[in-house]
Amino acid sequence: MIKEFIELFFPNLCITCNNNLLKQEEFICTRCLYELPQTDYHKFPENNLAKTFWGRVPLQHAFAFLYFRKEGAVKSLLHSLKYAGGKEVALFLGRFYGQKLADAGLSYDAAVAIPLHPDKQRKRGYNQSACFAEGLAQSMGMEDLSFAVERTVATETQTKKDRFERWQNVGEVFRISDATALTNKRLLVVDDVITTGATIEGLCKVILAEVPCTIAVAAIATPQD
Ligand SMILES: [Zn+2]
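Summarised in this report is the structure supplied together with it. Here the structure is a predicted model, which means the values were calculated and not measured. Each chain has its residues counted from 1, running along the sequence as written. At least 70 in pLDDT is required for a residue's local features to be given in this predicted model, at least 80 for side-chain atom pairs to be given and counted, and no such filter applies to totals for whole chains, interfaces and linings, which use all residues. Hydrogen atoms and water are omitted, and side-chain values are computed over all heavy atoms in the structure.

1. Notes on the overall build of the protein chain
Working definition: helices are DSSP H or I runs of at least four residues, strands are E runs of at least two. Numbering for both runs from the N terminus. When helices and strands are counted, the protein chain shows 10 helices and seven strands. The classification of residues rests on relative accessible area computed with a 1.4 Å probe and restricted to protein chains. Under 20% of the type maximum is buried, over 50% is exposed, and intermediate values are partly exposed. Counting only residues that meet the buried cut, the protein chain has 48% of its 225 residues in that class. Contacts between residues were defined by any pair of non-hydrogen atoms, one from each residue, lying within 4.5 Å. If you take every contact in the protein chain between residues at least 6 apart in sequence, the share linking residues at least 24 apart comes to 75%. Surface accessibility follows the Shrake-Rupley procedure with a 1.4 Å probe radius. Residue values consider only the protein chains on display as shielding. As displayed, the protein chain offers around 12000 Å² of accessible surface, 53% of which is attributable to carbon and sulfur atoms.

Here is the structure:
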């Protein structure tokens, strides 16, 4: 009753097409959900995202749910993660994608989200990558060990540097806070958007240098080339 009363004044709208959602739909309507440009990278181990990490850091797998484009549904979707309700949308996307990965027979022991700098997290209130990771963990039946890594220095100035300098810089900003938790695990390191891969590379290098484990990476989106 109360839910229906609230919806009278705040109708549930699809975050990509703004049409009314049906009762059983969450955040995004079924039509938009199936029209999203999915990469299906989990079906192709030698996909373009995996290739960007070749010779940089040894990864078991690398995949992203969606192709990021300058315009369109994925852009609106990523945009919505930054605002009210973004936490729930990221969690929903994680559960949805995690189910796909699980259905494809993929399994890992634990998810580890790329941490935000504590100041940034305080300002924003949540880490969208961590919410996506939590969703993946729920539908894939794995632990969420995002607490085991932390970011120690802000990295805003990175964009002006070239790739080599950038990963050196990034490499300095991650720290393992609980090596025992990560030891001998098959980890799935999670980010929101992977572009150059420098951030993921930085964190994975720090983990692999300190902890015996294997790493695969997953993201919400990656640019289509
Ligand atoms: Zn829609």
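Right, picking up where we left off after that structure.
2. Some points on the nonpolar core
Joining through side-chain atoms within 4.5 Å is the link that ties buried Ala, Val, Leu, Ile, Met, Phe, Trp, Tyr and Cys residues into a set, and such a set is a nonpolar core. With 71 residues, the main nonpolar core has F63, L93, L182, L188, V189, I207 and V217 as its most contacted residues. Per the annotation, domain bounds derive from an automatic or database assignment of domains. Counting residues domain by domain, this core receives three or more from each of domain 1 (1-35) and domain 2 (37-223). Those residues in contact with F63 that sit more than four places away from it in its chain are Y41, H42, L49, Y97, L101, L106, Y108, L188, V217, A218 and A219.

3. Quick notes on the coordination of the zinc ion
Note on donors: an N, O or S atom is included if it sits within 2.8 Å of the metal, or within 3.2 Å for Na, K and Ca, and water is never included, so sites can look incomplete. Those donors, C14 (SG), C17 (SG), C29 (SG) and C32 (SG), are the protein atoms that reach the zinc ion, and they lie 2.3 Å from it. The geometry test gives tetrahedral to four donors whose angles all lie between 85 and 135 degrees, gives square planar to four donors and octahedral to six donors whose opposite members are over 155 degrees apart with all other angles between 65 and 115, and gives irregular to the rest. Classification of the site at the zinc ion as tetrahedral follows from its four donor atoms and the range of 101 to 117° in their angles at the metal. In primary sequence terms, the donor set of the zinc ion follows C-x2-C-x11-C-x2-C. With C14 in the loop between α1 (2-9) and α2 (30-35) and C29 in the loop between α1 and α2, this residue pair connects regions lying 15 residues apart in the sequence. Just as C14 is buried, C29 falls in that class too.

4. Some remarks on the packing of aromatic side chains
Think of it this way: a Phe, Tyr or Trp ring, Trp meaning its six-membered ring, pairs with another when their centres are within 6.5 Å, and the plane angle makes it stacked under 30 degrees, edge-to-face over 60, tilted otherwise. Inspection of the entire model under this criterion finds six aromatic pairs. Plain terms: the ring middles of Y97 and F132 are 6.4 Å apart, the flat faces sit at 15° to each other, and that makes the pair stacked. With Y97 in helix α5 (residues 86-103) and F132 in helix α7 (residues 128-140), this residue pair connects regions lying 35 residues apart in the sequence. As far as burial versus exposure is concerned, Y97 and F132 are alike and both buried.

5. Section: the pairing of strand β2 (residues 110-113)
In β2, alternate side chains face the same way, and those of A110 and V112 on one face and A111 and A113 on the other are all buried. At least two DSSP bridges between two strands are needed for those strands to be called paired. Pairing of β2 with strand β3 (residues 143-144), which is carried by two bridges, proceeds in the parallel orientation. Opposite A110, over in β3, you have E143 as the bridge partner. Sheet analysis places β2 next to strand β6 (residues 186-193), joined by four bridges and oriented parallel. In the sheet register, V112 faces β6, and the bridge partner there is V189.

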